[in-house]
Amino acid sequence: MSEELQKLIPLSELAPKGSSSSAAVKVAFWTLGCRLNQYDTEGLKTAMNSRFLMEVVPWKEKAHVYVLNSCTVTHKADQECRRLARQAKRRHPESKVVVAGCYAQTQPEALSNISEIDAVIGNANKDDVEQWLPQVLGQDHPLLAVDDFQVHPVFDSPVIDSFTGRSRAFVKIQDGCNLRCTYCLIWQARGPGRSRTQEDIFLQLQALVDNGYSETILAGIHLGGYGRDLSPRLPLVDLLRNILQRFPQLRIRLSSIHPNEVSEELLDLYRQHENMRPHLHISLQSGSSTVLKRMKRPYGSDRAWEALKQVSAANPEFGIGADIIVGFPGETDEEFEETRRMVEDLPFSYLHVFRFSPRPGTPAAEMKPQISPQVITHRSEVLRQLAARKKEEFEKKFIGSVREVVIEADGGRDGFKNATTDNYLSVLVEGDFPAGTLAQVEITCVSEGSLIGKIKQILNENQGE
Ligand code: SF4
């Protein structure tokens, strides 16, 4: 380690929190992937900060340790992780590069064979920072800390009090998954489905409310599976009802659910509570029952049609998004047309279109025939164009209306701040308002493809950041 860095912290004296030493360990973080990974990175910062004298520095700056919280949902995510690890080491050869997260949990050997990587920390181990951080800093040979999940059956996560760069905070309330969709590696990366206790969720929400957050997005790998492992069981709808009662000011958004988890009981919560943001992101994947069957998804296209009609009947202003995979093995033109027609006929306000990515060790990677990249590109383009048209149509419905928004920490353009409405529209709001501001906004027009709005009333002066 260079003299300059040595001066900052003698390796042997990694200073525990509260010590008189002034030598803080400099740590830079980079997160790939989903909301849960982003939450986990905040958890890592909190855990490290509570135990060591540390300073979080931007990724491009000099640091003792670079922590890459990885994703493995596609081969591109793996590639990006390897590129960032090599980049960090090239820039700072004397520093330590740690790869944690889903890629680390599923392919530890492959990563530990990369000379630029000094430590591989699995999802089951990453919260044990007091174990692995001193080891990483204190040794010159690679560290491999990747336990099997069976060892950690319970939900485990520190309470965070802020969310770097965000004015609406993700809160992880569920982790892992007990389903076995044929294209998915996540259940291997994140282990069995496990839920956070209501008490712990309340502690987490209180910490964010105390820090001025007015909206939280409840997230999980299989959110709809929340509470099934708790004793007594606590269904997601009951948890939501308790949160709404305990935090009457807090706006609640769900990260994503499966079509078969849309129930009248859930929709009643949206009808009865304005704080339930009228937006649902559906993990749909396909509109064809035969494809859904090959994916081993727990519902058919009939149930998906029914669920999406239920949602729009509950509130036609509901923002409805969905994840769709195109090019799943064996997907015929007819099967793709079933998906295209579902998107055409149902009131989606946006789509996330994913190209099928064969993941090593999944049944779908072995399925025949694999669809050609050209056909996948064509089908992705068809769905993306359709989704863009539907998004525009949905946005235009709200010109002249007043919606509740939260001012975002990023985005925006000169003289305008980026904001997110209750039903998940992006609006450019005229003026300069702190991130986290909750307000009523009148949507006035579309300009250069963006909705424009002006503040009618500020609902909270607090700032999320
Ligand atoms: S529900 Fe399916 S796709 Fe989602 S994490 Fe579980 S196994 Fe993977």
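In every chain, residue numbers begin from 1 and rise along the written sequence. It should be noted that, the model being predicted, local features are given only for residues of pLDDT at least 70 and side-chain atom pairs only at 80 or more, the latter also being counted only at that level, while totals for whole chains, interfaces and linings use all residues. As a convention, hydrogens and water are excluded, and side-chain values are obtained from all of the structure's heavy atoms.

Draft legend 1. View of helix α2 (residues 35-51). Look at α2: 25 Å from first C-alpha to last across 17 residues, which is about the 24 Å you get at 1.5 Å a residue. Type-normalised accessible area, obtained with a 1.4 Å probe on protein chains alone, sets the label of each residue: buried when under 20%, exposed when over 50%, and partly exposed for intermediate values. For helices the rule is a DSSP run of H or I covering at least 4 residues; for strands it is a run of E covering at least 2, with both sets numbered from the N terminus onward. Listing the buried residues of α2 in full gives Leu36, Asn37, Tyr39, Asp40, Thr41, Glu42, Gly43, Leu44, Lys45, Ala47 and Met48. Expected helix span is given by 1.5 Å per residue-to-residue step, counting one fewer step than there are residues.

Draft legend 2. Up close: the sheet that holds strand β11 (residues 251-254). Strand order in the open sheet formed by three strands is β7-β10-β11, with parallel pairing between adjacent strands. The sheet terminates laterally at β7 (169-172) and β11, the two strands that pair on one side only. Each strand axis lies, on average, 30 degrees off the axis of its neighbour in the sheet, ignoring direction. Two strands pair when backbone bridges link them, and β7 and strand β10 (residues 215-219) are joined in this way by four bridges, in the parallel orientation. The partner of Ala169 across the bridge, within β10, is Thr216. Whether two residues are in contact is decided by their heavy atoms: any pair within 4.5 Å suffices. Axis lines are fitted to C-alpha atoms, over the contacting stretch for helices. Their N-to-C directions set the angle, which ranges from 0 to 180 degrees. Most of the contacts of helix α9 (residues 236-246) go to β11, to which it runs at about 160 degrees, and overall it touches β10 and β11. For two strands to be treated as a pair, DSSP must find no fewer than two bridges joining them.

Draft legend 3. Structural detail: the side chain of Thr216. With respect to the helices, strands and loops of the structure, Thr216 is situated in strand β10. Setting aside residues up to four positions removed in sequence, Thr216 forms contacts with Ala169, Phe170, Val171, Leu205, Leu250, Arg251, Ile252 and Arg253.

Draft legend 4. Main features of the site of the ligand. With respect to spatial proximity, the complete set of residues near the ligand consists of Cys177, Leu179, Cys181, Tyr183, Cys184, Ile186, Trp187, Ile221, His258 and Arg297. Residue classes follow a fixed rule: Ala, Val, Leu, Ile, Met, Phe, Trp, Tyr, Cys and Pro count as nonpolar, while Asp, Glu, Lys and Arg count as charged, and any other residue, Gly among them, counts as polar. In terms of residue class, the shell around the ligand is built from eight nonpolar, one polar and one charged. Near residues are defined by distance, with any heavy atom within 4 Å of the molecule or strand qualifying the residue.

Draft legend 5. Highlighting the pairing of strand β3 (residues 65-70). Counting buried positions along β3 yields six of six residues, so the element is predominantly enclosed. Relative to β3, strand β1 (residues 25-31) runs parallel, the two sharing five bridges. Residue pairing for β3: Trp30 is matched across the bridge by Leu68. Here β3 pairs with strand β4 (residues 96-101) via six bridges, running parallel. The partner of Asn69 across the bridge, within β4, is Ala100. A clockwise path from the first strand over the helix to the second, with the strands pointing away from the viewer, defines a right-handed crossover. Read as a crossover between parallel neighbours, the route from β3 over helix α3 (residues 75-91) to β4 is right-handed.

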